[in-house]
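# What the coordinates show
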Amino acid sequence: MEDMIKNSYNQVISPAMALWNQRITLEKNKEHLLKLIDAVGCQNDLAAYQWAQLLAITLDFKPDLILELGRLSGNSTCMFTEAANLLEAQNCSVISLCLTDDFQKKTLPKVLRVVSEEWLKPLQALKCDILFFNYEKALKDYNRILVFWDAHGYEVAECVLGKILPLIADRPHLVIMHDLSDARYSSGKEYGGKQLWKRNHYPEGSRMRLGHIDSAVEQAVAIVDFASRNEIALESADHSQQTYFSGNPDKLAEMKQLLGKEFFSLSAHWFWFTLNERPGPYTFPKFVPPVEIHRTFLQRFRKAIGILLGRDTF
Ligand SMILES: C[S@@+](CC[C@H](N)C(=O)[O-])C[C@H]1O[C@@H](n2cnc3c(N)ncnc32)[C@H](O)[C@@H]1O
């Protein structure tokens, strides 16, 4: 059976049950969603069945804020904006952070052929660096936060774990991580002639296996470390769906029939976690924005030069 977590807010989080609960909404919106997916035109970044899974868990979780980290062409941006529109009663907002403005320049004109300007109201798509964003200010008025972590690298991981999580730990929250597959349901355990994984060189580069996680992105290392220290579970949507639907063949048949192959799959390739699983205290890594690292380096450099020149300050 699927391990369903009843967290400290007495809430069960289950990607499989969310899909089941939201199946009628998904089926009703399928044509519209497929038009959106087509307008974004980048299914390599997020497959149609992942749109359905992530939409379902968002509708089930009912956040009043979705914080999207990494937008690029905007698959998840559109999917979460659709969710925010469907979550009208929650007055849900979407804050989307990305270094690029591909979404605004390339995707938005195509998306506006499918949706109205009104549809975009919940969305703030900001072109900025995740590492320098003012999270204290942006998150302070929200009560229930879903974080979609789809920007990679150790710096972003340190920012998520050391800056964002301490701010939301005492509120209901859910963190969804893309690009982590469940090794129990994936092929590819062989090295296949490749070197050890050292950093992300997606898609051709090496992958790593850490317990159940199969991934090419740095955050897989950071999150295993974080979850181990905080004694929280890292759950995969793959495991949730595989176990729930294999135990419910009638539900499986209904899902396949309602949503079809493109929109329903037992594969997911995303993990999730929440600190709400247990009461604190928790432990967080220190996050130092790069500008401060540079400033500290500069201060030390100036001090060293000062010493060399025999002066207190330089
Ligand atoms: C995998 S893509 C996001 C795909 C998107 N979520 C989707 O569903 O189509 C990752 C994005 O994160 C952005 N990114 C990486 N590091 C970042 C940072 N420090 N600040 C802002 N964006 C960053 C990259 O520029 C890239 O556009």
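Residues numbered from 1 in each chain as written. Predicted model: local features only at pLDDT ≥ 70, side-chain atom pairs only at ≥ 80, totals over all residues.

### Observations regarding the site of the ligand
Within the structure, the ligand sits among 21 residues, and Gly 70, Leu 72, Asn 75, Ser 76 and Ala 151 are positioned closest to it. If you list the elements that add at least two residues to the shell around the ligand, you get helix 4 (75–86) and strand 4 (93–98). Residue classes in the shell around the ligand are distributed as 10 nonpolar, seven polar and four charged. (Near = placed C-beta within 6 Å. Helix = DSSP H or I, 4+ residues; strand = E, 2+ residues; numbered from the N terminus. Nonpolar A, V, L, I, M, F, W, Y, C, P; charged D, E, K, R; others polar.)

### Some words on the pairing of strand 7 (residues 173–178)
Side-chain positions along a regular strand alternate between the two faces of the sheet. In terms of burial, strand 7 is largely enclosed, as six of its six residues are buried. Here strand 7 shows no split at all, with His 173, Val 175 and Met 177 on one side and Leu 174, Ile 176 and His 178 on the other all buried. The handedness of the strand 6 (residues 145–149) to strand 7 crossover, carried by helix 7 (residues 154–168), is right-handed. As paired elements, strand 7 and strand 12 (residues 270–273) share four bridges and run antiparallel to each other. Following the sheet pairing, Ile 176 is matched in strand 12 by Trp 272. (Buried ≥ 20, exposed ≤ 12 C-beta atoms within 10 Å, placed from the backbone. Right-handed = clockwise from strand over helix to strand, strands pointing away. Pairing = 2+ DSSP bridges.)

### Some details on the domain arrangement of the chain
You can read the domains of the chain as domain 1 (5–283) and domain 2 (287–314). A separation of 40 Å is found between the C-alpha centroids of domain 1 and domain 2. (Domains from an automatic or database assignment.)

### Some words on the pairing of strand 4
Across the six residues of strand 4, six count as buried, placing the element largely inside the fold. Of the crossover connections in this fold, the one passing from strand 3 (residues 65–69) over helix 4 to the parallel strand 4 is right-handed. Here five bridges tie strand 4 to strand 5 (residues 123–127), and the two strands are oriented parallel to one another. Across the sheet, residue Val 94 finds its bridge partner in strand 5, namely Leu 123. With helix 5 (residues 102–111) bridging strand 4 and the parallel strand 5, this β-α-β connection has right-handed handedness.

### Examining the environment of Asn 143
Structurally, Asn 143 is set in the loop between helix 6 (135–139) and strand 6. Residue Asn 143 is classed as exposed on the basis of its 11 C-beta neighbours within 10 Å. Leaving out residues up to four positions away in the same chain, Asn 143 has contacts with Asp 64 and Arg 171. (Contact = placed C-beta atoms within 7 Å.)

### Some remarks on helix 4
Here helix 4 is 12 residues long and its end C-alpha atoms lie 17 Å apart, about the 16 Å a rise of 1.5 Å per residue gives. For helix 4, a buried count of 10 out of 12 residues is recorded, marking the element as mostly surrounded by other parts of the structure. Residues of helix 4 that are buried: Asn 75, Ser 76, Thr 77, Cys 78, Met 79, Phe 80, Thr 81, Glu 82, Ala 83 and Ala 84. (Expected span 1.5 Å × (residues − 1).)

### A word on the environment of Arg 113
With respect to the secondary-structure elements, Arg 113 resides in the loop between helix 5 and strand 5. Overall, the presence of 8 C-beta atoms within 10 Å leaves Arg 113 in the exposed class. Residues Arg 113 and Ser 206 lie 93 residues apart in sequence; the distance between their C-alpha atoms is 40 Å.

### So, the sheet that holds strand 8 (residues 180–182)
The strand order across the open sheet built from three strands is 8-10-9, with neighbouring strands paired in antiparallel fashion. The open sheet has two edge strands, strand 8 and strand 9 (208–210), and neither has a second partner. With strand direction ignored, the average angle separating the axes of adjacent strands in the sheet is 30 degrees. Two elements, strand 8 and strand 10 (residues 213–215), share three bridges in a ladder whose sense is antiparallel. If you follow Ser 181 over to strand 10, its bridge partner there is Asp 214. (Axes fitted to C-alpha atoms, helices over the stretch in contact; angles between N-to-C directions.)

### A look at the packing of helix 7 against helix 8 (residues 219–230)
The interhelical angle for the contact between helix 7 and helix 8, taken along N-to-C directions, is 30 degrees, at an axis separation of 9 Å. By the angle between their directions, the pair helix 7 and helix 8 is classed as roughly parallel. Along this stretch, helix 7 crosses helix 8, giving a crossing that reads as right-handed. Two secondary-structure elements touch here, helix 7 through Tyr 154, Ala 157 and Leu 161 and helix 8 through Gln 219, Ala 222 and Phe 226. Each residue belonging to the contact of helix 7 with helix 8 can be placed in one class, and the counts come to five nonpolar, one polar and no charged. (Parallel < 35°, antiparallel > 145°, perpendicular 65-115°, else oblique. Left-handed = near helix turned anticlockwise from the far one by under 90°.)

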